[in-house]
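# A closer look at the structure
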Amino acid sequence: MTLENDFIVFHGNLQQLLDKVESGEMIPKLQASHAPMCKFFTSYYVISGIRHVVPLVHGPTGCPLYMSDFVRTRECCEIRGIPLEPTACTALNESHVIYGGEGKLLEAVKEAYAKYHPDLIVILSCCCSGIIGDDVESIAREAEKLIGCRVLALRSEGFGGDFRSGYEDAFKLIMELMEPPKTKMKGTINILGARWGPTPTEFNWDMDEIERLLGEVGIKINAIIAGGCTVEQLRHAREVELNASWCFDWGQKLGDLMQERFGIPYSRTGQPYGPEATKEWILGVAKPLGMEAEALKVIEREMEEVEPEIESLRQALSGKTAIIEISEFPGPIRALSLARMVAEFGSHPVVINVHPYTIKERMPSIKFLLEEGVNPEIILTKGLFRLGSFRSSKETEDELETIVKKYDNAIFFGNSGRFPPCPVVNLTLMNPAFQPQYGFRGIKNISALVRQALENKDLPRSRLFRGMLYGTRTN
Amino acid sequence: MGQEPIKEMAGSSTSSSEACTDPYLRCAFNGAALTALGISHSALLAHSPQGCEYLVNNAFASQECDYMETMTLCTKLCVDEIVHGGEDILARTIREVKDLPISALFVLSACGPEIVGDDIVGVCEALQPEVKFRLVPIESAGFRGSQYDGIDIAMDTILKKLVKDDVEKIPGSVCLVAPHANANPTWPADLAWVKQVLFRMGIKVVATLTHRTPIAEIENIASAETSLLLSHDAGQKAADYLSATFGIEQVCKGIPLPIGMTNTQRWLTALGDRFDILKTAEEIVAEGERMVMATCRRKWPMARFMYRTPAAIVADATVGIPLVRFVTEEMEMTPELVALYTSHRSVWELLEGELKSLGLNPKVVYGTDVYKTRKSLQEVRPRVVFGSTIERHASEGLPVAYVVEVVRMMRQFRMINREYFGYTGILNLLECVQNEWVMGWRSKERRYEAKW
């Protein structure tokens, strides 16, 4: 069908959107809109994913405190029961900005070692130390001679790159810890691309499902990099037979680098959403390890177990239009993986509001998905490009409601913060009641969520939450 | 006991004798944002890389802004703007938002643009004629100090830029200073209690610097006869400026904030004295104390069994100093460690006065960080800690019976604002203690399996 509306900025398929982004036609110009994390934050996420590491932030107190509060205390201690670990900081002040902070940094590394006895110290530079030109790498080298653990330095100035470069530079730095292999660990792999430690990845449940399935096949994991791995595991990371990723997007850079530099093959598959992608993911790991037969047995057994759910999903989704909006959380790659899954069950996927910025930042992954045949219909609306405010979210909500009305038999995949006039499948990853979404257990959970959405579509939605999110409506 | 207090450090709120710290306090940029976001019908533009926007969001939450009413913006500086300067992008961003229906746009500069020398004041002056709202530049780079220094910087700019000096004094009036520099996670309730008490005393509040404060109130601040500082961590500079520039006298100076029976009585009495309404103050005290006692008689807080239990207080000075007396007098515990995030001279003097008057001699740590707190807890080994979630985790492995989370250094979820100030405040604090006390009794092991 064709939608010709004033509020639609782009309507086509993923390939066409990618072409527009690549040609610079579809990059937002508004400076005050769409501000994801800075490079420092994302670097911190990755480094924090190594156990017993001290991230030593060479900067004022604002940035490290935000991160230690958000990542270490809340995400790790509060949610995952991990002991409180330090985030050290040189607390640069005006005088250091004028005269330089290298001397203080060297002292800080020595102090951090004496105080916390870590396995690794990573110096993270901030805007301040980056601009004044403190030589963090030299200080790291000098400090390493004086203390009993490795000291690495990471140039992570907030202005120094986008959020993606923070992840990638940090993953690249971690490679320095990987020692030449002394042996080969048979049937063992690394999982790449996790961050926010020290427990595995940001959504444990998905990683648990991956570990479960690999375990069933007989495949072992050396390290989840960097989702709670130890420095010792990182030292042995080159002894594995294969690298794989829990999410192709985050793992691919490190996978490519480890393949290029160390010759370790990397399994290229998308996220295991739905039966086909899950099969591909398992076989993508098992085949290179020579364990295809074992994997096929596991797949067959697991498929049998979820057959009722697969049938139920097929019946529920066949002939429907699946409007998929996972633009803010948990992200665009999941939205595209989901598009592939609903198509498998007979739906027509329409992905709404995948921000062109995220397309730009995830270019290799988007191209990979296109090569795999994932090329859903995409709609971008004006609200997406407005000044970064919650009012723009209301505008997007209104646009979504209008779009949904134009499709027959629509079903919405996103989160319950949207109120379209159709069944809503709440796929936010912040809902722990129906996790994981990966693998065969994911099929069971998604099936349950779809069933609930359809069966309960006539139940009233919360006026309270709607009013909270979008204000009191008069129309 | 019986020794001199150990003073680990003193100086400014952010200076440290150590090279490596694990801080409790955010940077000046965060404090400035917290202050600016307290002004109604305004927006905030962070002239910064996009990461600093997260500090603004944190300040947004602390100020309890309504996201349907308040907008925050960011220039999202990248390496190009650091190399070539970011003034153009700042100007472009201001032009982008020139139709916003606001009274003022606060432009806050972060570390990067200040080091490379972006002139946010110049840009704002140049663009002022193009926009309908007031442009207020605040130079608040993170490296200028802690969040408390940032509050002082922002208040200084706001007062110098917005206050009109041609206003008439309002007899019996007050302006409230720095209520937001308070680690009580529901501090707006403290402010509400202060306002309600002042209303009952017939004292007019001219302005609040800052919480949901219209620009008109700020402009009119010079009409106040007195100022009342609601923090021991920030705001003294603003009170001094108001005194020196507009002759606004500071009341309740040098008295701990009204947490606990004695502090509340002293604070209310000082107000009564100044405004010649001592009788009303005495009535409020008598009523309040009666209410607290009657409530406790009915509710019967079991936490009274903590008699002379060694306790630690880890907090900002605003909550921490008055808590010393509350813990000692109301709870009958013995503070053996007092660790404060800040270390201003005035903080030091106030705490030492309190300790002397109570006859206490605990270990005292000024300008504490997480490491110093953990080490002090290991050394002192208190059985009860009044602090934040951080202390809950930092106490792991120590013989701490329970941690009462009374301050917020990280997110703490409470839907209803509950004051610590005043008489209901005493009950709220007792409730926190009581609930932790009950939790401490909960068995971690099941003694037998149910039969059904």
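Under an unreviewed UniProt entry, chain A has the name Nitrogenase associated protein and belongs to Methanosarcina acetivorans.

The helix and strand tally for chain A stands at 19 helices and 13 strands. Relative to a compact globule of 475 residues, whose C-alpha radius of gyration would be 23 Å, chain A shows 23 Å and is just as compact. With respect to the principal axes defined by its C-alpha atoms, chain A has extents near 70 × 55 × 40 Å. Within chain A, the fraction of its 475 residues that count as buried is 63%. For chain A, restricting intrachain contacts to residue pairs at least 6 apart in sequence, the fraction spanning at least 24 positions comes to 76%. Roughly 17,800 Å² of accessible area belongs to chain A as shown, and the carbon and sulfur atoms make up 50% of that amount.

Bringing the packing of aromatic side chains into the picture now. According to the stated counting rule, one finds 16 aromatic pairs over all chains in the structure shown. Between Phe40 of chain A and Tyr44 of chain A, the aromatic rings sit 6.2 Å apart at their centres with planes inclined by 55 degrees, giving tilted as the arrangement. Placement of both Phe40 of chain A and Tyr44 of chain A in helix α2 (residues 39-48) is noted, with a separation of four residues, approximately one turn of the helix. The exposure classification of Phe40 of chain A matches that of Tyr44 of chain A, with both residues buried. Between Phe41 of chain A and Tyr54 of chain B, the aromatic rings sit 5.2 Å apart at their centres with planes inclined by 70 degrees, giving edge-to-face as the arrangement. With Phe41 of chain A in helix α2 and Tyr54 of chain B in helix α2 (residues 52-62), this pair bridges two chains. With respect to class, Phe41 of chain A is no different from Tyr54 of chain B; both count as buried. Cluster of aromatic residues (ring-pair linked, three or more members): Phe40, Phe41 and Tyr44 of chain A together with Tyr54 of chain B. Sitting over the ring of Phe275 of chain B, Arg274 of chain B keeps its end group 5.0 Å from the ring centre. Directly above the aromatic system of Trp300 of chain B lies the positively charged group of Arg304 of chain B, at a separation of 4.6 Å from the ring centroid.

What follows covers the packing of helix α8 (residues 163-174) of chain A against helix α11 (residues 248-262) of chain A. Residue and element names in this part refer to chain A. Closest axis-to-axis distance for the α8/α11 pair is 10 Å, and the angle between their directions is 35 degrees. Both α8 and α11 take part in a crossing whose hand is right-handed. Here α8 contributes Phe163, Arg164, Tyr167, Glu168, Phe171 and Lys172 to the contact with α11, which in turn contributes Asp249, Trp250, Gln252, Lys253, Leu254, Leu257 and Arg261. Among the residues making up the contact of α8 with α11, the classes are represented as six nonpolar, one polar and six charged.

This part covers unusual backbone geometry. A cis geometry characterises the amide bond from Ile225 of chain A onward to Ala226 of chain A, with omega recorded as 0 degrees. Here Ala226 of chain A is to be found in the loop between β7 (220-225) and α10 (231-235). With omega at 0 degrees, the peptide bond leading from Gln435 of chain A into Pro436 of chain A counts as cis. With respect to the secondary-structure elements, Pro436 of chain A resides in the loop between β13 (424-426) and α18 (439-455). Look at Glu332 of chain B: it is not a glycine, yet its phi comes out positive at around 60 degrees. Position of Glu332 of chain B among the secondary structure elements: in the loop between α13 (317-330) and β10 (334-340). Under the relative-accessibility criterion, Glu332 of chain B is labelled partly exposed at 33%.

To continue, consider the packing of helix α12 (residues 278-299) of chain B against helix α17 (residues 422-441) of chain B. Two measures define how a pair of helices packs: the angle their axes make with one another and the distance between the axes. All names here are of chain B. The geometry of α12 relative to α17 is characterised by a closest axis approach of 8 Å and an angle of 25 degrees between their N-to-C directions. With respect to α17, the element α12 is oriented roughly parallel. As α12 packs across α17, the resulting crossing turns out to be right-handed. Between α12 and α17, the contacting residues are Ile284, Val285, Gly288, Glu289, Met291, Val292, Thr295 and Cys296 on the first element and Tyr423, Thr424, Ile426, Leu427 and Leu430 on the second. In terms of residue class, the contact of α12 with α17 is built from nine nonpolar, three polar and one charged.

On to the interface of chain B and chain A. Of the residues lining the interface, 51 residues belong to chain B; the matching set on chain A comes to 57 residues. Summed over the three residues of chain B that lose the most area to chain A, namely Tyr54, Tyr67 and Met68 of chain B, the buried surface amounts to 15% of that side. The interface formed by chain B and chain A contains two salt bridges. The partner of Lys115 of chain A in a salt bridge is Glu18 of chain B, and the shortest N-O contact between them spans 3.1 Å. Taken together, the elements giving at least two residues each to the side of chain B that touches chain A come down to α2, β2 (71-74), α3 (79-84), α4 (87-96), α5 (111-115), α15 (370-380) and α16 (389-394) of chain B. Each residue belonging to the side of chain B that touches chain A can be placed in one class, and the counts come to 30 nonpolar, 10 polar and 11 charged.

Residue and element names in this part refer to chain B. Sheet architecture is open: four strands sit in the order β2-β1-β3-β4, paired in parallel fashion. Both outer strands of the open sheet, β2 and β4 (134-139), are each paired with one neighbouring strand and no more. When the angles between neighbouring strand axes are averaged without regard to direction, this sheet yields 20 degrees. Bridging between strand β1 (residues 42-47) and strand β3 (residues 104-109) involves six bridges; their strand directions are parallel. If you follow Ala46 over to β3, its bridge partner there is Leu108. Together, β3 and β4 form the strand contacts of helix α7 (residues 147-162), whose direction differs from that of β4 by roughly 145 degrees.

Domain annotation for chain A reports domain 1 (8-34 + 306-470), domain 2 (39-161) and domain 3 (188-298). Distance between the C-alpha centres of domain 2 of chain A and domain 3 of chain A: 28 Å.

Turning our eyes to something else, we now look at helix α16 (residues 363-371) of chain A. Along an α-helix, a turn takes 3.6 residues, which lines up residues three or four apart on a common side. Residue and element names in this part refer to chain A. Every buried residue of α16 is accounted for by Met363, Ser365, Ile366, Phe368, Leu369 and Leu370. In this fold, the buried residues of α16 make contact with α1 (14-22), α8, α11, α14 (332-344) and α15 (356-361). With its phi angle positive at about 95 degrees, Gly373 sits one or two positions after the end of α16.

A word on the sheet that holds strand β8 (residues 242-245) of chain A. Residue and element names in this part refer to chain A. The parallel open sheet is built from three strands, whose spatial order is β7-β6-β8. Looking at strand neighbours, the two that pair on one side only are β7 and β8, the edges of this open sheet. Taking the axes of each pair of neighbouring strands and ignoring which way they run, one obtains an average angle of 30 degrees across the sheet. In this sheet, β8 lies alongside strand β6 (residues 188-192) in parallel orientation, the contact comprising four bridges. Across the sheet, Leu192 pairs through a bridge with Ser245, a residue of β8. Against the sheet, α11 touches β6, β7 and β8, its axis set at about 125 degrees to β6.

Among the surface-exposed residues, Glu87, Asp88, Asp119, Glu125 and Glu139 of chain B lie close enough to one another that they form a single negatively charged patch. Note that Glu87 of chain B resides in helix α4.

Residues and elements named next belong to chain A. Extensive coverage of strand β2 (residues 53-58) is indicated by the burial of six of its six residues. Both β2 and strand β4 (residues 120-125) contribute to a ladder of six bridges, which runs parallel. Bridge pairing links Val54 to Ile121 in β4. Tracing the backbone out of β2, into helix α3 (residues 62-80) and back to the parallel element strand β3 (residues 88-89) gives a crossover that is right-handed.

What counts and what doesn't
- Residues numbered from 1 in each chain as written.
- Chains lettered and ligands numbered in written order.
- Predicted model: local features only at pLDDT ≥ 70, side-chain atom pairs only at ≥ 80, totals over all residues.
- Heavy atoms only, no water.
- Helix = DSSP H or I, 4+ residues; strand = E, 2+ residues; numbered from the N terminus.
- Rg over C-alpha atoms; globule rule 2.2 N^0.38 Å.
- Buried < 20%, exposed > 50% of the residue type's maximum accessible area, 1.4 Å probe, protein only.
- Contact = heavy atoms within 4.5 Å.
- Areas by Shrake-Rupley, 256 points an atom, 1.4 Å probe, with all protein chains shown as cover.
- Phe/Tyr/Trp six-rings, centres within 6.5 Å; stacked < 30°, edge-to-face > 60°.
- Lys NZ or Arg CZ within 6 Å of the ring centre and 35° of its normal.
- Axes fitted to C-alpha atoms, helices over the stretch in contact; angles between N-to-C directions.
- Left-handed = near helix turned anticlockwise from the far one by under 90°.
- Nonpolar A, V, L, I, M, F, W, Y, C, P; charged D, E, K, R; others polar.
- Parallel < 35°, antiparallel > 145°, perpendicular 65-115°, else oblique.
- Buried area = accessible area lost by both parts, 1.4 Å probe.
- Salt bridge = Lys/Arg side-chain N within 4 Å of Asp/Glu carboxyl O.
- Pairing = 2+ DSSP bridges.
- Domains from an automatic or database assignment.
- Patch = residues over 30% accessible without salt bridge, like charges linked within 9 Å, V, L, I, M, F, W, Y side chains within 5 Å.
- Lys, Arg positive; Asp, Glu negative; His and termini not counted.
- Charge placed at Lys NZ, Arg CZ, Asp CG, Glu CD.
- Right-handed = clockwise from strand over helix to strand, strands pointing away.

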